[in-house]
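Overview (structure and organization)
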Amino acid sequence: MKANFVSTLAFMPLLALVPAMEVSDVYKTDIGNCDCTNIHLTGNHILNANCVRPGYGTRLDYSLDLNRCFANYLGTLNYIPEGNGDFGASCSPCNINGTKLDCECEVGRDRGTRHNEVELNDYGVIQIQDDKFTCDSTADIQKRSVNKEARFFLA
């Protein structure tokens, strides 16, 4: 029993180091985890940012046409990975506030607009892969249900 207790104490200093370790930069691919600066939109739907390259530590300018990522369905922005939602044609104006996309989207002909806020850092929607922004991931995205707060869903 004495030997087990002593051997356990020998590993205690190593356990203190575990919280100090950080996840490797190569796994930090979400827009919010890549130390992005100067995040802005051009042309109402082109996302631009200067971010740290995952795994390299150097900075690079990135851009992505968010029309590939979102569609307007009855005034609600919906995530469509690897698609062409063309939300920019019916959502205007759109702005970026931090990593949040804010848009006014048409509900339908003569039915007004609806305000939308989409956190681009949620669910890994916008990621850096192979030195470019992508929106191809469907991991962790849930379809919207009646009792949940308004969030976009897969179209």
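This text gives an overview of the structure that appears in the document. These numbers come from a predicted model, not from an experiment. (Residues numbered from 1 in each chain as written. Predicted model: local features only at pLDDT ≥ 70, side-chain atom pairs only at ≥ 80, totals over all residues. Heavy atoms only, no water.)

**Details of the pairing of strand β8 (residues 113-119)**
On any regular strand, side chains alternate: one points to one face of the sheet, the next to the other face. In terms of strand pairing, strand β7 (residues 100-106) meets β8 through 7 bridges, oriented antiparallel. Paired with C103 across the strands is N116, a residue of β8. The hairpin turn running from β7 into β8, its antiparallel successor, is 6 residues long, and D110 in that turn takes a positive phi close to 60°. (Pairing = 2+ DSSP bridges. Helix = DSSP H or I, 4+ residues; strand = E, 2+ residues; numbered from the N terminus.)

**A closer look at the nonpolar core**
In terms of nonpolar packing, the biggest core is built from 29 residues, with L47, L66, F70, L101, I126 and F133 touching the most fellow members. Sorting the residues of this core by element identifies β1 (37-42), β2 (46-52), β3 (59-65), β5 (76-79), β6 (91-97) and β7 as the ones contributing at least two each. Apart from the residues lying within four places of it in its own chain, the contact partners of F133 are I31, L47, A49, C51, Y62, S63, L64, I126, Q127 and I128. (Core = buried A, V, L, I, M, F, W, Y, C linked by side-chain atoms within 4.5 Å. Buried < 20%, exposed > 50% of the residue type's maximum accessible area, 1.4 Å probe, protein only. Contact = heavy atoms within 4.5 Å.)

**As for unusual backbone geometry**
Keep in mind that most residues, glycine aside, have a negative phi and that most peptide bonds are trans. Looking along the chain, the bond that leaves S92 and enters P93 is cis, with omega of 0°. If you trace the backbone, P93 turns up in strand β6. Phi is positive for D110, close to 60°, though the residue is something other than glycine. By the secondary structure assignment, D110 is in the loop between β7 and β8. Although it is not a glycine, D130 adopts a positive phi angle of roughly 50°. Of the residues examined, D130 reaches a relative accessible area of 75% and is grouped as exposed.

**What about the sheet that holds β8?**
Taken in spatial order, the 3 strands make up an open sheet running β6-β7-β8, and their pairing is antiparallel. Sheet topology places β6 and β8 at the edges, where each strand pairs with a single neighbour. Sheet twist, expressed as the mean angle between neighbouring strand axes with direction ignored, is 15°. In the sheet, β6 pairs with β7 via 5 bridges, with the strands oriented antiparallel. Its bridge partner lying in β7, C91 is registered against C105. (Axes fitted to C-alpha atoms, helices over the stretch in contact; angles between N-to-C directions.)

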